[in-house]
Amino acid sequence: MNDAERRIRAYEEMGIHRTGREADHTTTWWMMEELRQVGVEADWQTWRFPRVEIHDASIRFGGWDIPAVPTYDCAFTDHRGVSGVLRRDHGPGIVVWEFAHDDQERMAAGIYSSFELARQDGAEGVILVMGDPDGEIVLRNAERPLDPIELPVLQVAPNHAGPLLDAVGSEITMIVDGGRVDAPADNVVAGIPGTDPDAEPVVLMTPKSGWFTCAAERGGGIAVWLEVAGRTAANPGRRALNLVASSGHELHHLGLDHYIRELGDAAHDVHAWMHLGASIGSRNGQARFAASDDELFEVARRSLNELAIEREAFPVGNSGFGEARNIGEIGGRFVSFLGGHPYFHSPQDVYDRCIDPESLARHTDAAERIVRHMLQ
């Protein structure tokens, strides 16, 4: 077993990696130890966020009690829930929207406009039916964790949704009984000095949190991040390489926001940022890359082509999605590997189903080449 497989399997075995939960905290200490083993001393950076605690989330009608997961940034009900006639279109009652497993709109930020329209039309709540290719649940990231919407929203696996969809036109009750508590989460931070202490640094970043075990979604990026850090420690560049593995990915990138705030004005002095985003080295992935300017776009394109890696490009200057979006917002230079795969945001995102080891190895080399260029 090579280091990449060992690391991803270890990450997967920690469990569900939601921000500020046990596996997320365990990941912090594990990543710090992995860095220490390759000669990099790391630290943690704690920040606080509103952690959602759910007491009951379900849909009830007749003799049915359908399990569901609230969107993180929705409104709560009390323990009795809200009731209304189930309908597929806008209007009073409870609205259900069904998405195919390959429908990209189910994860898009634009759905918040649809939520607001539904609320204005008198909806008491919204139910999203969406899943992976096997009908297991997938979950949306929260675009508004600090500013929740004014509508309860439940997510239901297609495998559980048959009776619900058959109940359109009948009265149902949806329950989102929960609350929010102030809680801590951690980023992993480290630095590898360069040979020129006056040169602007480079930042290599990857998220470390997500909804489930996230072997391909997050594990690939973490494995590449650790490997490139070790190679750089063994052979430093002219510039320092700063490292951040941020929590809060699924919560509108709260951990990276904290890291950038802590940098203050120094965030604008970073020479370039390399973002190791979702689904690197995944099987059957929808692989993309993005770069902030012509120079870095060409560096990324050439590195990928030399290693026979196919990734569709966003237009120059378009950060796409993921944490590179935060870097674009502060005017930073970046290269980003990003994408999805069939079991993205699913509990079935595990190593044996979702990782392509050979692709992951080539992506590691490509990421190192891009970082080496940045460090010059």
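Before reading on, note that the structure itself is shown above.
A brief look at the structure comes next. (Residues numbered from 1 in each chain as written. Predicted model: local features only at pLDDT ≥ 70, side-chain atom pairs only at ≥ 80, totals over all residues. Heavy atoms only, no water.)

## Considerations on the layout of surface pockets
Over the atoms, a rolling probe the size of a water molecule traces out where space has been left empty.
Move 1: Considering only enclosed or pocket space, the largest pocket measures out at about 750 Å³ in volume.
Move 2: In this structure, the largest pocket is lined by 33 residues; those nearest its centre are Q104, M107, F321, G339 and F344.
Move 3: Put simply, the parts of the chain that give the lining of the largest pocket at least two residues each are β12 (286-291) and β14 (334-340).
Move 4: For the lining of the largest pocket, a count of residues per class yields ten nonpolar, 14 polar and nine charged.
Move 5: A volume near 340 Å³ is recorded for the second largest pocket.
Move 6: Around the second largest pocket sit 19 residues that line it, and R18, R21, V52, Y72 and W211 are the ones nearest its centre.
Move 7: Put simply, the parts of the chain that give the lining of the second largest pocket at least two residues each are β1 (42-61) and β3 (69-70).
Move 8: Examining the composition of the lining of the second largest pocket, we find that five residues originate from one element, β1, more than from any other. (1 Å grid on protein atoms, 1.4 Å probe; cavity = no way out; pocket = protein on both sides within 12 Å on 5 of 7 lines; lining within 4 Å. Points joined across faces, edges and corners; volume = space filled by probe spheres on them. Helix = DSSP H or I, 4+ residues; strand = E, 2+ residues; numbered from the N terminus. Nonpolar A, V, L, I, M, F, W, Y, C, P; charged D, E, K, R; others polar.)

## Re the pattern of salt bridges
Pairing of side chains with opposite charge becomes possible as their charged atoms draw close.
Move 1: On inspection of all chains with the given rule, the structure shows 33 salt bridges.
Move 2: Between R88 and E98 there is a salt bridge whose closest N-O contact spans 3.6 Å. With R88 in the loop between β4 (82-87) and β5 (93-98) and E98 in strand β5, this residue pair connects regions lying ten residues apart in the sequence.
Move 3: Judged by its relative accessible area of 47%, E98 falls in the partly exposed class.
Move 4: Close ionic contact of E116 with R119 constitutes a salt bridge, the shortest N to O distance being 2.7 Å. Residue E116 and its partner R119 are both found in helix α3 (residues 111-120); the two are separated by three residues, about one turn of the helix. (Salt bridge = Lys/Arg side-chain N within 4 Å of Asp/Glu carboxyl O. Buried < 20%, exposed > 50% of the residue type's maximum accessible area, 1.4 Å probe, protein only.)

## Notes on the nonpolar core
Move 1: L35, W225, L243, M274 and F337 are the most contacted members of the largest nonpolar core, which totals 52 residues.
Move 2: Beyond its immediate stretch of four places on either side in the chain, L35 contacts V40, A42, V188, A190, W225, L226, A229 and L243. (Core = buried A, V, L, I, M, F, W, Y, C linked by side-chain atoms within 4.5 Å. Contact = heavy atoms within 4.5 Å.)

## Looking at the packing of helix α1 (residues 3-13) against helix α5 (residues 219-234)
Move 1: Closest axis-to-axis distance for the α1/α5 pair is 9 Å, and the angle between their directions is 130°. Between α1 and α5, the crossing angle belongs to the class labelled oblique. Both α1 and α5 take part in a crossing whose hand is right-handed. Note on element contacts: α5 touches α1 through G219, G220, I222, A223, L226 and E227, opposite A4, R7, I8 and Y11.
Move 2: Classifying every residue of the contact of α1 with α5 gives six nonpolar, two polar and two charged. (Axes fitted to C-alpha atoms, helices over the stretch in contact; angles between N-to-C directions. Parallel < 35°, antiparallel > 145°, perpendicular 65-115°, else oblique. Left-handed = near helix turned anticlockwise from the far one by under 90°.)

## A look at empty space enclosed by the protein
Move 1: All chains considered together, the criterion is met by one cavity of 30 Å³ or more.
Move 2: Each pocket or cavity is described by its volume, and for the largest cavity that value is around 30 Å³.
Move 3: Contributing to the lining of the largest cavity are M205, T206, P207, V244, S246, L256, H275 and E323.
Move 4: Listing elements by their share of the lining of the largest cavity, those giving two or more residues are β9 (202-207) and β10 (241-246).
Move 5: Of the residues forming the lining of the largest cavity, the biggest block, three residues, is contributed by β9.
Move 6: Across the lining of the largest cavity, the residue classes break down as four nonpolar, three polar and one charged.

## A few points about the packing of aromatic side chains
Move 1: Overall, the coordinates contain eight aromatic pairs when judged by the stated rule.
Move 2: With centroids separated by 5.7 Å and ring planes inclined at 80°, the aromatic side chains of Y112 and F115 adopt a geometry described as edge-to-face. Taken as a pair, Y112 and F115 lie in helix α3 at a separation of three residues, close to a single helical turn. With respect to burial, Y112 and F115 carry one shared label: buried.
Move 3: Measuring from ring centre to ring centre gives 6.0 Å for F314 and F321, while their planes differ by 80°; the resulting arrangement is edge-to-face.
Move 4: Classification of F314 as buried rests on a relative accessible area of 10%. (Phe/Tyr/Trp six-rings, centres within 6.5 Å; stacked < 30°, edge-to-face > 60°.)

## A short note on α5
Move 1: With 16 residues, α5 ought to run about 22 Å at 1.5 Å a step, and its terminal C-alpha atoms sit 23 Å apart, in line with that.
Move 2: Across the 16 residues of α5, twelve count as buried, placing the element largely inside the fold.
Move 3: Of all the residues in α5, the buried ones are G219, G220, G221, I222, A223, V224, W225, L226, V228, A229, G230 and T232. (Expected span 1.5 Å × (residues − 1).)

## A short note on the packing of helix α7 (residues 294-306) against helix α10 (residues 357-375)
Move 1: Orientation of α7 relative to α10, taken along the N-to-C sense of each, is 150°, at an axis distance of 9 Å. The way α7 lies across α10 gives a crossing that is right-handed. Residues E295, L296, V299, A300, S303, L304 and E306 of α7 form the contact with α10, whose own contacting residues are A366, R369, I370, H373 and M374.

## Section: the pairing of β9
Move 1: Along β9, six of the six residues are buried, which leaves the element largely enclosed by surrounding structure.
Move 2: Going residue by residue along β9, you find V202, L204 and T206 tucked away on one face and V203, M205 and P207 tucked away on the opposite face as well.
Move 3: Chirality of the crossover, the property in question, places the unit of β9, α5 and β10 among those that are right-handed.
Move 4: Alignment of β9 against strand β11 (residues 272-276), held across four bridges, turns out to be parallel. Looking at β11, one finds that L204 is bridged to M274. (Right-handed = clockwise from strand over helix to strand, strands pointing away. Pairing = 2+ DSSP bridges.)

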